[in-house]
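As a plain string of letters, each chain reads:
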Amino acid sequence: MASATKPGLRPTNPQFSSGPCAKRPGWTLDALAGAYLGRSHRAAGPKARLAEVISRSKAVLGMPADWRLGIVPASDTGAVEMALWSLLGTRGVDVLAWESFSKDWGTDVIKQLKLPDARVIAAPYGQLPDLASVDASRDLVFVWNGTTSGVRLPNADWIPAGRQGLAICDATSAAFAMDLRWDKLDVVTWSWQKVLGGEAAHGMLALSPRAVERLESHKPAWPMPKIFRMTKDGKLNEGIFKGETINTPSMLAVEDALDGLRWAESIGGLLALIARSEANLAAIAAWVARTSWVDFLAEDAATRSCTSICLRITAPWFTALDAEAQAKAAKSLAGLLEKEGVALDAAAYRDAPPGLRIWGGATVETSDIEALLPWLDWAFTSVEAEQQKAAA
């Protein structure tokens, strides 16, 4: 039973935002002391730092040696856009869409690139699209984890091993927290501000040998902005994948990204990162199982995200409200949590069904998740009381 009495224990770190996300445990500004400030990013020292981000990222993720990995502009969005505008057009393309960002990629393909042979295979919030309908002869665009829906792919078994098309995967809230199947993928993108808690504005773009072959054999029918260009004279611009960024990066953010990678290595690498995220999901799952007013937005337990953990309110008084009133009540709940300083930025994404979104990535301590849960009950009871008072 939820209590109107405020819990005594508070999370040590109340930062549960789904991006930018919490810094790694113990982080201070001292972590940035070695940053190459006021230096050209093309000088030897700064360039070596950029190359180190690439090499450490590949090592932690277990990326195959023959893949290229580069630092690109405009966060994960920029990385995905580079892939779509550079690689698509030679085959039909399928876009899997089950939340806000995957719908955006569908808009790019259909309305911006205007590809003649394209289809969006969609599903509502809480569900996955029909994965069995994917055609191995077509290019494929999808997210691994729906950041705004809390629905992730349970595996990559549905991707045909003998596919002819490219598999282009937006993994921004999955990389470093989930087991990506490199043998089933051709392009993988993510950003620094998610699982390892880095700063925003920089994206990572990983290319398989098949993706490189496409880049070198395909010339898009549309103009290509400078920040999208990955080839020169028909060949891959290898410099991008060695730390020679297309535009000027923040060396302060680079130093922060390296700090996150070193921390990941120090705790045991990818397996430890995954374990920390899964422990956070397990703590919330145990609470949901014993709590009557809330449930996961993800309908299938096998598809519940361990990073962007999205919750819906199931109390009868809440579900009886119209959409506007539901949004207002959910906003009040998140507002109470922020006012108390126990959960910052915990509201559902603006396009998602009203509810809560708790980041459970590897930089979040499970003890903070556990300390937060009684506060969720308290906030719900408080909002419920206000609703009853208003209805009286």
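Cut-offs used in this document
Residues numbered from 1 in each chain as written. Predicted model: local features only at pLDDT ≥ 70, side-chain atom pairs only at ≥ 80, totals over all residues. Heavy atoms only, no water. Salt bridge = Lys/Arg side-chain N within 4 Å of Asp/Glu carboxyl O. Helix = DSSP H or I, 4+ residues; strand = E, 2+ residues; numbered from the N terminus. Axes fitted to C-alpha atoms, helices over the stretch in contact; angles between N-to-C directions. Parallel < 35°, antiparallel > 145°, perpendicular 65-115°, else oblique. Left-handed = near helix turned anticlockwise from the far one by under 90°. Contact = heavy atoms within 4.5 Å. Expected span 1.5 Å × (residues − 1). Buried < 20%, exposed > 50% of the residue type's maximum accessible area, 1.4 Å probe, protein only. Pairing = 2+ DSSP bridges.

A. Expanded view of the pattern of salt bridges. The tally for this structure, following the rule as stated, stands at 22 salt bridges. We note a salt bridge from Glu52 to Arg262, for which the minimum N-O separation is 3.4 Å. Of this pair, Glu52 sits in helix H1 (residues 44-61) while Arg262 sits in helix H5 (residues 251-267), placing them 210 residues apart in sequence. Taken together, the salt bridges that share partners define one network made up of Glu52, Arg56, Arg262 and Glu265.

B. The packing of helix H6 (residues 270-289) against helix H9 (residues 366-391), seen in detail. It is at 9 Å that the axes of H6 and H9 come closest, and there the two elements cross at 25°. The orientation of H6 relative to H9 falls into the category roughly parallel. Where H6 crosses over H9, the two elements pack in a sense that is right-handed. Between H6, through Arg276, Ala279, Asn280, Ala283, Ile284 and Trp287, and H9, the contact on the second element is made entirely by Thr366, Ile369, Glu370, Leu373, Leu376 and Asp377.

C. Here's a closer look at H5. Between its first and last C-alpha atoms H5 spans 25 Å; for 17 residues at 1.5 Å apiece the expected length is 24 Å, and the two agree. With 12 of its 17 residues buried, H5 lies for the most part within the structure. Burial in H5 covers these residues: Met251, Ala253, Val254, Glu255, Asp256, Ala257, Leu258, Asp259, Gly260, Leu261, Trp263 and Ala264. Packing partners of the buried residues in H5 comprise H1, strand S9 (202-207) and H6. Of the residues flanking the end of H5, it is Gly268, one or two places downstream, whose phi is positive at about 120°.

D. Quick look at the sheet that holds strand S13 (residues 308-313). Within the open sheet, the three strands sit side by side as S12-S13-S14. Their pairing is antiparallel. Looking at strand neighbours, the two that pair on one side only are strand S12 (294-296) and strand S14 (355-359), the edges of this open sheet. If you compare each strand with its neighbour and ignore which way they point, the axes differ by 30° on average. Pairing analysis gives five bridges linking S13 to S14, with the strands arranged antiparallel. Opposite Cys310, over in S14, you have Arg357 as the bridge partner. Taken strand by strand, helix H8 (residues 323-339) contacts S13 and S14, and its axis lies near 40° from that of S14.

E. Fine view of the side chain of Ser277. Note on placement: Ser277 falls in helix H6. Leave out the neighbours within four places in its chain, and Ser277 touches Ala177, Cys306, Thr307, Gly360, Gly361 and Ala362.

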